[in-house]
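Descriptive analysis of the structure
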Amino acid sequence: MNQRTQEILSWYESDNPGTRTNLARLLNHGKLAGTGRFVILPVDQGFEHGPARSFAPNVLGYNPHYHFELALEAGCNAYAAPLGFLEAGAGKYAGRIPLILKLNNHDVLYDEKDPASAVTGSVKDALRLGCVAIGFTIYPGSAHSTLMYQQLRELSEEAKAYGLAVVVWSYPRGSGLSKEGETAIDVVAYAAQIAAQLGAHVIKVKLPTAHLEQAAAKKVYEAEQVPIKTLSERVRHVVQSSFDGRRIVIFSGGAKSDDKNVFEEARAIRDGGGFGSIIGRNSFQRPRAEAIKFLHTIIGIYSGETP
Amino acid sequence: MNQRTQEILSWYESDNPGTRTNLARLLNHGKLAGTGRFVILPVDQGFEHGPARSFAPNVLGYNPHYHFELALEAGCNAYAAPLGFLEAGAGKYAGRIPLILKLNNHDVLYDEKDPASAVTGSVKDALRLGCVAIGFTIYPGSAHSTLMYQQLRELSEEAKAYGLAVVVWSYPRGSGLSKEGETAIDVVAYAAQIAAQLGAHVIKVKLPTAHLEQAAAKKVYEAEQVPIKTLSERVRHVVQSSFDGRRIVIFSGGAKSDDKNVFEEARAIRDGGGFGSIIGRNSFQRPRAEAIKFLHTIIGIYSGETP
Amino acid sequence: MNQRTQEILSWYESDNPGTRTNLARLLNHGKLAGTGRFVILPVDQGFEHGPARSFAPNVLGYNPHYHFELALEAGCNAYAAPLGFLEAGAGKYAGRIPLILKLNNHDVLYDEKDPASAVTGSVKDALRLGCVAIGFTIYPGSAHSTLMYQQLRELSEEAKAYGLAVVVWSYPRGSGLSKEGETAIDVVAYAAQIAAQLGAHVIKVKLPTAHLEQAAAKKVYEAEQVPIKTLSERVRHVVQSSFDGRRIVIFSGGAKSDDKNVFEEARAIRDGGGFGSIIGRNSFQRPRAEAIKFLHTIIGIYSGETP
Amino acid sequence: MNQRTQEILSWYESDNPGTRTNLARLLNHGKLAGTGRFVILPVDQGFEHGPARSFAPNVLGYNPHYHFELALEAGCNAYAAPLGFLEAGAGKYAGRIPLILKLNNHDVLYDEKDPASAVTGSVKDALRLGCVAIGFTIYPGSAHSTLMYQQLRELSEEAKAYGLAVVVWSYPRGSGLSKEGETAIDVVAYAAQIAAQLGAHVIKVKLPTAHLEQAAAKKVYEAEQVPIKTLSERVRHVVQSSFDGRRIVIFSGGAKSDDKNVFEEARAIRDGGGFGSIIGRNSFQRPRAEAIKFLHTIIGIYSGETP
Amino acid sequence: MNQRTQEILSWYESDNPGTRTNLARLLNHGKLAGTGRFVILPVDQGFEHGPARSFAPNVLGYNPHYHFELALEAGCNAYAAPLGFLEAGAGKYAGRIPLILKLNNHDVLYDEKDPASAVTGSVKDALRLGCVAIGFTIYPGSAHSTLMYQQLRELSEEAKAYGLAVVVWSYPRGSGLSKEGETAIDVVAYAAQIAAQLGAHVIKVKLPTAHLEQAAAKKVYEAEQVPIKTLSERVRHVVQSSFDGRRIVIFSGGAKSDDKNVFEEARAIRDGGGFGSIIGRNSFQRPRAEAIKFLHTIIGIYSGETP
């Protein structure tokens with residue numbers, strides 16, 4: 001185990017060896033093993049957006065085995081999915097790639113202003129499926145954020161006692177925020193801080209814009225001249241907001257987008273001190289060979305092989 | 001045990017042998033034993049719509065024993081009902097036909113826009129009554145969908161630990177959807193996906209229309225030219241949306257309808273790769289002899305005996 | 001379900017439909033389905049006597065899959081074994097044959113005068129492995145019989161609540177009895193009665209001799225002229241001692257023996273009103289083809305095909 | 001994951017993906033990763049024999065970190081130890097090597113004829129320390145064997161539910177056996193069978209001699225001419241007795257011995273189809289450099305690099 | 001917090017911050033704060049030997065408050081006592097001195113050859129009384145050692161989860177040992193190892209003699225020439241046997257003795273790398289002023305102030 005991996009593990013000083021073991025498994029799998037960087041494949045969009053919106057562009061994605069294979073062949077650090085998708089492949093692929101069980105999910109058949117995800121799995125499910133971590137989404141800004149924070153607290157306490165790691169998707173949404181505010185730098189940094197304060201080991205946020213949502217925050221950002229002009233600066237600020245970089249923060253790729261754009265974003269994450277990307281639709285919605293090439297380029301950016 | 005049955009069981013790779021045994025019992029009972037196809041008799045309409053609406057057309061149906069006998073004589077794979085109906089016959093008919101205990105039910109004496117079924121049975125009830133599976137209804141699109149998903153999660157975890165199978169009725173309803181949207185192809189496919197992601201072994205949905213309800217989905221269906229013109233194509237898309245056919249999906253017959261129509265639907269289900277039908281009112285609301293003949297015709301369609 | 005099967009089930013009038021369902025599964029599987037007769041394959045000798053003594057005569061028996069296949073091909077009603085043997089095949093053979101999990105076992109590496117088996121499995125194990133029943137051995141006559149009766153009571157109560165059947169091996173042994181007394185007719189009849197009183201659904205005893213062990217009993221047998229001269233009479237008396245035939249009683253084949261002898265015994269069991277045989281070493285210790293032929297002959301005796 | 005590893009995992013067909021994942025971790029770590037062979041370092045002798053007898057020959061062994069480093073540098077598949085030794089290093093070495101928590105231990109300050117180990121750790125301890133398996137010792141032949149079988153049963157059921165593997169040390173001892181009988185081939189084969197029937201995933205036994213302890217067994221070994229003359233033949237018979245090779249069986253090295261002898265034994269294990277060695281005193285009681293060289297030779301024998 | 005204290009805390013790498021906090025409280029209280037050395041006042045003799053034998057020599061000792069005051073004034077690191085004594089003073093002296101609740105005790109009104117202490121307090125008691133640690137006595141060598149190890153295991157797991165430290169009195173006694181053997185160097189070193197393997201944070205043993213009790217151990221001590229001639233060498237060996245000094249080991253003073261002798265022993269403990277003394281009867285059985293002076297001398301020996 002190299003220096004960097006040990007350094008990262010040392011930040012989780014209150015966790016038991018079981019949790020640190022599972023964090024080490026995340027850090028030491030795939031092409032980025034040992035670099036302290038991550039590319040994770042998440043496939044919860046079937047639940048979150050519906051099957052056709054998720055898988056029609058590349059129909060192989062309807063098959064749960066496809067994503068295990070994609071994550072394996074691409075050399076991702078881990079594969080994250082809801083209960084059903086993991087149950088449908090965890091037996092065949094047992095022991096081949098670290099798994100993260102998403103313990104809550106949200107669909108858009110009921111479109112609410114203040115969303116709250118349903119709890120769809122348990123810590124015991126994660127253990128019986130051989131996962132290294134639980135995943136959980138919170139929506140800071142929602143009228144129901146308190147409910148989600150409390151669900152996370154309970155699941156997180158149990159997961160840590162059983163030696164699992166906790167990955168939190170912290171996505172600002174709801175009536176407390178404008179649409180633009182959901183990715184505003186002050187809001188994203190705040191969302192990262194909330195996840196860290198709730199005890200997350202790994203934090204997943206969206207890439208922030210330079211927009212400042214909250215008046216009280218805006219004043220401080222301007223007075224203190226917090227550097228947030230470039231994407232790389234904003235990534236650095238989010239990392240700083242996650243316990244000065246002492247928690248792993250990774251960024252989501254979002255909707256399918258121009259490749260060049262995604263690569264530029266990965267470079268900004270890397271240069272801003274971010275720990276990596278969680279890339280779903282941009283990878284599994286294109287033909288397999290292209291997806292592998294695409295993911296290898298991003299992995300190369302993080303490993304330093306690609307400039 | 002034939003090839004096809006073994007293939008279907010192999011999809012449930014994370015389940016214990018107990019659950020696989022009970023799935024095998026479903027697959028190997030009745031006239032469709034070994035075909036990988038299903039015709040299931042469900043009688044929860046007494047609770048869901050009231051007794052007269054359900055049983056006045058054929059008063060024999062008021063008697064709980066009637067439905068056990070109907071399912072047996074017709075050669076159905078299983079009989080599904082709420083606690084009361086099963087308790088009123090499970091002793092006499094013990095060991096004759098696989099039973100599915102519907103663990104939640106909803107009545108229309110209180111008519112709400114956003115329905116949520118009440119939990120009316122337990123996993124232990126299912127075991128003491130000798131059932132092979134629990135049944136549970138979710139209403140994606142309802143403001144209370146989260147509650148139902150979470151109830152299902154808990155019951156499902158317990159059922160799986162005790163070796164039972166989980167059958168989910170996934171019926172889009174509620175203020176998130178238009179009336180037409182409840183059977184729209186994008187919505188039904190989505191509902192099937194949600195049930196699968198929640199860990200269902202068997203998914204029951206309504207037959208979908210070609211309507212597209214959600215704007216974001218519509219764009220994708222059109223862009224990707226997902227074939228949804230014929231009923232058979234739509235069935236195929238729903239099956240695809242259920243883990244690429246790696247989960248058993250059966251279709252409900254709905255309200256009493258013209259026989260020819262029902263037979264055409266069965267053919268479309270068969271040709272679209274659907275696994276079968278769950279037929280209640282169309283069978284128990286007609287005289288027994290007619291019902292048997294009617295069900296045999298449908299079973300014949302699935303077995304290939306009837307063209 | 002035929003008359004006889006229904007009659008047998010009717011004896012278990014206090015049991016829930018789940019337990020009766022599992023009894024029906026035992027009654028309705030294999031070549032003797034529907035006859036009310038049983039031939040069960042038990043393979044716990046690896047634990048009870050050691051592997052070489054059990055499997056060296058036919059080395060295929062070392063493989064746990066072999067016994068599933070043997071029971072299937074022979075058309076036995078069920079296969080009974082300890083935890084390890086069932087775990088090693090219950091996945092592959094899920095749903096093909098009723099399974100009985102032997103919940104206690106005894107080895108002969110420590111040879112005690114008053115034996116007590118160790119509890120080696122749980123009711124929850126039986127459920128997760130898809131079993132229809134638990135099996136449990138008691139040694140009436142042992143100084144530790146009380147312990148075993150109490151263990152059985154607890155497991156049996158739990159098994160019945162979860163809808164499983166209870167099969168009791170009632171083998172008189174221990175310092176309370178002479179060697180000859182272990183198979184004495186008064187003792188075997190007594191052992192059957194104890195199992196029945198403990199709530200067993202199915203009772204397994206050894207074939208009794210005409211010896212009378214207990215003085216107080218002897219007096220009565222002689223005074224009342226209880227007919228025990230022929231094996232068939234003795235079987236009838238054991239069946240009578242099992243609630244006048246209202247509990248299923250089957251007889252163990254014992255060590256490997258001359259075929260003619262075994263067939264004669266089966267005829268005596270049949271003619272005495274016994275419900276069948278549980279045949280281990282006499283079947284799995286010979287080449288597979290011979291074993292099948294041998295078991296088919298016995299099954300024929302019970303079904304009436306063989307005179 | 002290669003063919004052989006997948007084949008081995010396929011034997012554990014009733015286990016959940018979590019347990020299979022942890023078995024895969026054992027199979028895929030160290031220099032023997034992917035070969036289906038094992039060299040495991042166990043250090044429980046401090047408890048079992050006392051500290052000086054264990055560590056005075058190489059005083060570095062008093063330090064708990066030493067054994068983690070030794071197992072790592074040698075490329076062992078896993079390191080097994082009691083609670084104290086694991087707690088004293090699991091933090092520092094988190095994620096570097098699969099750990100097995102020995103859940104029971106026995107000391108010789110009270111020397112009883114019929115030993116029973118004390119339970120010294122829990123399944124939850126194993127999870128919080130990041131272990132892949134629990135370890136447990138049984139003493140078939142002891143008057144207290146029943147107690148130990150039952151403790152194992154409970155711990156094993158819990159461990160399997162939480163996705164851990166179960167490693168059983170099956171060491172015949174106690175008043176039921178002569179001293180010579182403890183390693184007699186019939187007894188060792190029996191001990192392996194008992195562990196397998198109790199549900200062990202990995203079985204550890206001592207290398208057997210050609211002695212036959214039990215009269216009833218002796219008769220069968222001679223009648224069936226079971227080949228047990230060479231060590232390799234005896235290993236093959238023990239493997240056969242472990243579900244015809246469908247359970248992983250490894251052999252303990254025993255007290256410190258001549259190197260040539262140990263290498264010959266490893267070759268016999270390899271040639272007899274054994275899965276590997278668990279080597280404690282022979283490795284940690286010599287200087288580190290020598291120990292590494294020694295272990296590499298054994299690993300080479302299993303991998304085929306050393307003839 | 002100084003270097004040495006941090007070093008000692010670093011050994012407890014698998015413990016949560018709560019346990020490490022309580023260990024730090026022990027390390028940082030009294031006159032030896034920050035030295036890594038300990039003098040602890042234990043008063044359980046009222047239970048263990050009876051009140052008059054314990055307190056008649058200095059009747060102030062009958063009063064529970066006396067011992068709190070003595071420990072405070074002397075500058076001890078902690079005060080250890082059974083439930084009653086702590087309950088009788090923990091309110092008044094709350095927050096003034098670290099407390100250790102002895103969770104088991106033994107009296108001599110029933111004098112058995114193979115003693116086992118009764119559990120007389122709980123982890124919850126320790127928390128409600130504000131203790132930093134639980135204390136527990138084991139008697140290796142007793143026929144009941146298994147029972148005590150298992151009680152300790154359970155209490156220890158609970159204590160660690162709640163952030164308490166665990167202090168184990170490891171006193172060899174019972175029919176497995178000669179009287180002389182109870183303090184034999186091989187036996188005391190073994191007892192320390194057992195406590196460490198059971199997960200103790202702090203180990204308390206008696207000062208060992210040069211006697212060697214066990215034949216198998218004697219051979220090794222002689223062959224390896226383990227230095228055990230002087231008391232200081234023996235202390236060093238016991239410390240080595242406690243995970244090479246990575247667990248805190250303190251030594252008990254035993255019955256009242258000549259002061260010079262006690263001081264010599266303290267010097268031997270100090271020079272042998274022992275962590276300190278636990279001194280009961282030698283302090284509380286003399287007049288308070290003398291006791292304070294006596295303890296200050298010992299503390300001076302450990303701090304280096306007294307030569």
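Structural data are supplied above this passage.
Source: prediction; values computed, not measured.

The rules behind the values
- Residues numbered from 1 in each chain as written.
- Chains lettered and ligands numbered in written order.
- Predicted model: local features only at pLDDT ≥ 70, side-chain atom pairs only at ≥ 80, totals over all residues.
- Heavy atoms only, no water.
- Contact = heavy atoms within 4.5 Å.
- Buried area = accessible area lost by both parts, 1.4 Å probe.
- Salt bridge = Lys/Arg side-chain N within 4 Å of Asp/Glu carboxyl O.
- Polar contact = N/O pair within 3.5 Å; in protein donor to acceptor, adjacent residues only side chain to side chain.
- Helix = DSSP H or I, 4+ residues; strand = E, 2+ residues; numbered from the N terminus.
- Nonpolar A, V, L, I, M, F, W, Y, C, P; charged D, E, K, R; others polar.
- Expected span 1.5 Å × (residues − 1).
- Buried < 20%, exposed > 50% of the residue type's maximum accessible area, 1.4 Å probe, protein only.
- Least-squares fit on C-alpha atoms with pLDDT ≥ 70 in both.

1. Examining the interface of chain C and chain B
- Contact with chain C, which involves 25 residues of that partner, is made by 25 residues of chain B.
- Where chain C abuts chain B, roughly 2,100 Å² becomes buried across the two surfaces, and 58% of that area is made up of carbon and sulfur atoms.
- For chain C, the biggest contributors to the area lost against chain B are Pro-17, Arg-25 and Tyr-162 of chain C; these three give 24% of the whole.
- One can count zero salt bridges joining chain C with chain B.
- Here chain C and chain B share seven residue pairs in polar contact (both at pLDDT 80 or more) between them.
- Sorting the residues of the side of chain C that touches chain B by element identifies α1 (3-10), α2 (17-27) and α7 (123-128) of chain C as the ones contributing at least two each.
- A total of seven residues in the side of chain C that touches chain B trace back to one element, the largest contributor, which is α2 of chain C.

2. Observations concerning the interface of chain D and chain C
- Each partner contributes residues to the interface: chain D has 41 residues there, and chain C has 43 residues.
- Between chain D and chain C, roughly 3,300 Å² of surface is buried when both sides are summed, and carbon and sulfur atoms account for 59% of that area.
- For the chain D face of the interface with chain C, the top three residues by lost area are Glu-13, Tyr-190 and Gln-197 of chain D, together amounting to 21%.
- Taken together, the links from chain D to chain C amount to two salt bridges.
- The closest approach of N and O atoms between Asp-125 of chain C and Arg-153 of chain D, which form a salt bridge, is 3.9 Å.
- Where chain D meets chain C, there are 18 residue pairs in polar contact (both at pLDDT 80 or more).
- Elements represented by at least two residues in the side of chain D that touches chain C include exactly α8 (145-161), α9 (185-197), α10 (215-223) and α11 (231-240) of chain D.
- Grouping the amino acids of the side of chain D that touches chain C by side-chain chemistry returns 17 nonpolar, 15 polar and nine charged.

3. Let's talk about helix α14 (residues 288-303) of chain B
Residue and element names in this part refer to chain B.
- With 16 residues, α14 extends 22 Å between its outermost C-alpha atoms, agreeing within 8% with the 22 Å of an ideal straight helix rising 1.5 Å per residue.
- Burial in α14 covers these residues: Ala-291, Ile-292, Phe-294, Leu-295, Ile-298, Ile-299, Gly-300, Ile-301 and Tyr-302.
- Among the structural elements, β1 (38-42), α5 (64-74), α12 (259-271), β10 (276-278) and α13 (281-284) are those in contact with the buried residues of α14.

4. Here's the deal with the relation of the copies chain D and chain C
- For these two chains of identical sequence, chain D goes onto chain C by a turn of 71° and a shift of 0.7 Å along the axis, with RMSD 0.1 Å. This pairing of chains is accounted for by a five-fold axis. Across chain D, the rotation axis passes nearest the C-alpha of Leu-147 of chain D, at a separation of 11 Å.

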